[in-house]
Amino acid sequence: MARRLYGDERGRNAARAGGEESVAGEGGLVGPAKAAARVEEGVAAAPKPLAGEVAPRLRFDKAVLGNGLAVIGEHNDGAASVAAGFFVHTGSRDEVKDLSGVSHFLEHMVFKGNERYTAEDINRTFDELGAQYNAFTSEERTVYYGAVLPERLPQLIDLLAELMRPSLRQEDFDVEKKVILEEIAMYEDRPHFHVFDLAAPRFWAGHPLGNSVLGSRESVGALSRDQMLGYFQGRYSPKNLVLAVAGRYDWDAVLDQAERIAGSWTPFEAPRERPVATPATGREGTVDPKLNRVHVAYYAPGVAMTDSRRYAAAVLGYVLGDATGSRLYWELVDKGLADSASLGHEASEDTGAFVGYLSTAPERAEEVIERYEGVLRRAQDEPPTPDEWRRAQRKLASGLTLRAETPLGRLTSLGATYQSLGVYQSVAEVVDRVMNAQLETGIELLEGRPFDASFVYTLGPGRRG
């Protein structure tokens, strides 16, 4: 189950660019042949030239404007397109109770325009550019992005920059609030999403990572336009933004344009609170008689993005919970006991968690949940074999590489990694780190017995049969 990302789905192109990854930092594209070769070569062999291999063609560009706005790029002169996006370092974890849901609501509102562009102008211009575009909000950031042919990049950046200067008009706020409330109701009708909205605040036990991205009907219903304006004025500082570009572009032109359109934006501090997490353990649940399946959210302690063991944690998650072939899959899905049983590792900026999902029939829910937890607890005494570890490394590395083959697929991890860690990581570098993640490190993580400190939340019709 992927991290909770909520995009604007009001008819705009749904080209969500892959989201933030558990191994934050999969980056650059050295070329499919080379990357695939690295997956196969594994940890023992250094990268070797292949017959017909293209020369490395990536370049990382970086500059910081006088007002603190970071502008970064991963240039690929072999790309046929270019993607650009503003990454705002604000999300649900930056919200207080009375503002629950404001980051996501604000994401919608910026598309309502300003004095220069109406909402219709914005949508029409994106279409005239032939852009694939969208936006999403997560716990840690809000991202506005698009992809076009290279000759249309200047207009795309201009338009994205207009989104960063919204008018937030009262009449637009009143209409869009109804859209948000409809979206909340829509997700409540999707139990595989809703179970995580119910479970996360309980597992994180007061830590802001448990804040709902959507907010509640009550919090959004009570939110005022002035509160949103105050939040915008306190979070959308150029020092809290990254403008990222990936693909084929002219760096000097990008930098000149960034200075021209954003150089006058007034900077201010927008700090983020980082309390220590004390996750909950145990089991809770909600009975909903309307449901026909039992949906289960599973959590156990993990490691942060800043922890070098995050690569091993990601591989471990694949060994145990890859949805298409893992210990959980063979124990539950292959045997026809559950229609879905997965686990992955999610690394946030200052902490992390193994997060899993399970869906099964009510009459055997208790047996299946026991088997699910049993697989994970046994792994602490029966760690992955070298063959299991290597298979998971290759699957993870292949997925990272395939996703980054287009500038649009590459953009999110490029911007998010730089924003959270302050570093550039190419895809090749991350693939190398995944392939070099040691089984011994995975065993070390298991020796901490994270699955003895699990939290399980069920959403279903109650006991049957």
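Predicted model only: the values in this text are computed from it and were never measured. (Residues numbered from 1 in each chain as written. Predicted model: local features only at pLDDT ≥ 70, side-chain atom pairs only at ≥ 80, totals over all residues. Heavy atoms only, no water.)

**Q** With reference to specific residues and values, describe the overall build of the protein chain.
**A** Per the secondary structure count, the protein chain includes 16 helices and twelve strands. Expressed as a percentage of the 465 residues in the protein chain, the buried residues total 58%. Within the protein chain, counting contacts between residues at least 6 apart in sequence, those at least 24 apart form 83% of the total. Counting every atom, the protein chain has about 18500 Å² of accessible surface; 50% of that belongs to carbon and sulfur. (Helix = DSSP H or I, 4+ residues; strand = E, 2+ residues; numbered from the N terminus. Buried < 20%, exposed > 50% of the residue type's maximum accessible area, 1.4 Å probe, protein only. Contact = heavy atoms within 4.5 Å. Areas by Shrake-Rupley, 256 points an atom, 1.4 Å probe, with all protein chains shown as cover.)

**Q** So what about the sheet that holds strand β10 (residues 340-347)? Which residues, and what values?
**A** Pairing between sheet strands relies on hydrogen bonds along the backbone, with the strands arranged either parallel or antiparallel. Judged by pairing direction, the sheet is mixed, and its five strands sit side by side in the order β8-β12-β9-β11-β10 without closing on themselves. Here the strands that pair on one side only, and so sit at the sheet edges, are β8 (282-287) and β10. Direction aside, neighbouring strands of the sheet carry axes that sit 15° apart on average. Sheet analysis places β8 next to strand β12 (residues 455-460), joined by six bridges and oriented parallel. Counterpart to G285 in the pairing with β12 is T458. Strand contacts of helix α6 (residues 191-204): β8, β9 (294-301), β11 (352-360) and β12, with the helix running at about 35° to β9, the strand carrying the most contacts. Where helix α12 (residues 365-379) meets the sheet, its contacts fall on β8, β9, β10, β11 and β12, and the angle it forms with β11 comes to roughly 150°. (Pairing = 2+ DSSP bridges. Axes fitted to C-alpha atoms, helices over the stretch in contact; angles between N-to-C directions.)

**Q** An account of the layout of surface pockets is requested, with residue identities and associated values reported.
**A** By volume, the second largest pocket is sized at about 440 Å³. Lining the second largest pocket we find 21 residues, and of these S100, S212, G215, S216 and S219 sit closest to its centre. Counting residues per element, the ones that place at least two in the lining of the second largest pocket are α5 (170-188), α6 and α7 (217-222). A total of four residues in the lining of the second largest pocket trace back to one element, the largest contributor, which is α6. (1 Å grid on protein atoms, 1.4 Å probe; cavity = no way out; pocket = protein on both sides within 12 Å on 5 of 7 lines; lining within 4 Å. Points joined across faces, edges and corners; volume = space filled by probe spheres on them.)

**Q** How would you explain the packing of aromatic side chains if you had to name every residue and give the values?
**A** For the structure on display, the rule yields 20 aromatic pairs. Note on F60 and Y418: the rings are 6.4 Å apart at their centroids and 45° apart in plane angle, and the pair reads as tilted. One end of the pair, F60, is in strand β2 (residues 58-64); the other, Y418, is in helix α14 (residues 407-421), with 358 residues separating them in the sequence. Exposure remark for Y418: the relative accessible area of 11% places this residue in the buried category. Considering the side-chain rings of Y187 and F193, the 5.2 Å spacing of their centres and the 75° angle between planes classify their relative orientation as edge-to-face. (Phe/Tyr/Trp six-rings, centres within 6.5 Å; stacked < 30°, edge-to-face > 60°.)

**Q** Describe the nonpolar core, and please don't skip the residues or the numbers.
**A** By size, the foremost hydrophobic cluster in this structure holds 53 residues, and its most contacted members are F126 and Y144. Here this core gets seven residues from one element, more than from any other, and that element is helix α4 (residues 153-163). In this structure, V303, A314, L332 and V368 belong to the second largest nonpolar core, which totals 40 residues. (Core = buried A, V, L, I, M, F, W, Y, C linked by side-chain atoms within 4.5 Å.)

**Q** I'd like a rundown of the pattern of salt bridges, residues and numbers included.
**A** Going through the model one piece at a time under the given rule, you end up with 32 salt bridges. Among the ionic pairs, D322 bridges to K395, the shortest N-O distance being 2.2 Å. Of this pair, D322 sits in the loop between α10 (310-321) and α11 (327-333) while K395 sits in helix α13 (residues 386-403), and the two are 73 residues apart along the sequence. D322 gets classed as buried once you look at its relative accessible area, which sits at 12%. It is possible to trace a salt-bridge network through shared partners that takes in R93, D94, E140, R235, R272, R274, E349 and D350. (Salt bridge = Lys/Arg side-chain N within 4 Å of Asp/Glu carboxyl O.)

**Q** Quick one: what's the story with α4, residue by residue and with numbers?
**A** Buried residues dominate α4, accounting for eight of its eleven residues. Three or more residues of α4 are buried, namely L153, L156, I157, L159, L160, A161, E162 and L163. Buried-residue contacts for α4 involve β4 (82-88), α3 (119-128), β6 (142-148), β7 (241-247) and α9 (251-262).

**Q** Give me the lowdown on the pairing of β10, citing residues and values where you can.
**A** With seven of its eight residues buried, β10 lies for the most part within the structure. Of the pairings in the sheet, the one linking β10 to β11 comprises eight bridges and is antiparallel in character. Bridged to A341 within β11 is L358. Here β10 hands over to β11 after four residues, the two strands then running antiparallel side by side.

**Q** Could you give me a rundown of unusual backbone geometry, with the residues and numbers involved?
**A** The phi dihedral of A205 falls on the positive side, at around 50°, and the residue is not glycine. The residue A205 is located in the loop between α6 and α7 in this model. Residue class for A205 comes out partly exposed when judged on its relative accessible area of 41%. Even without being glycine, R449 reaches a positive phi, approximately 50°. Secondary-structure assignment places R449 in the loop between α16 (439-447) and β12.

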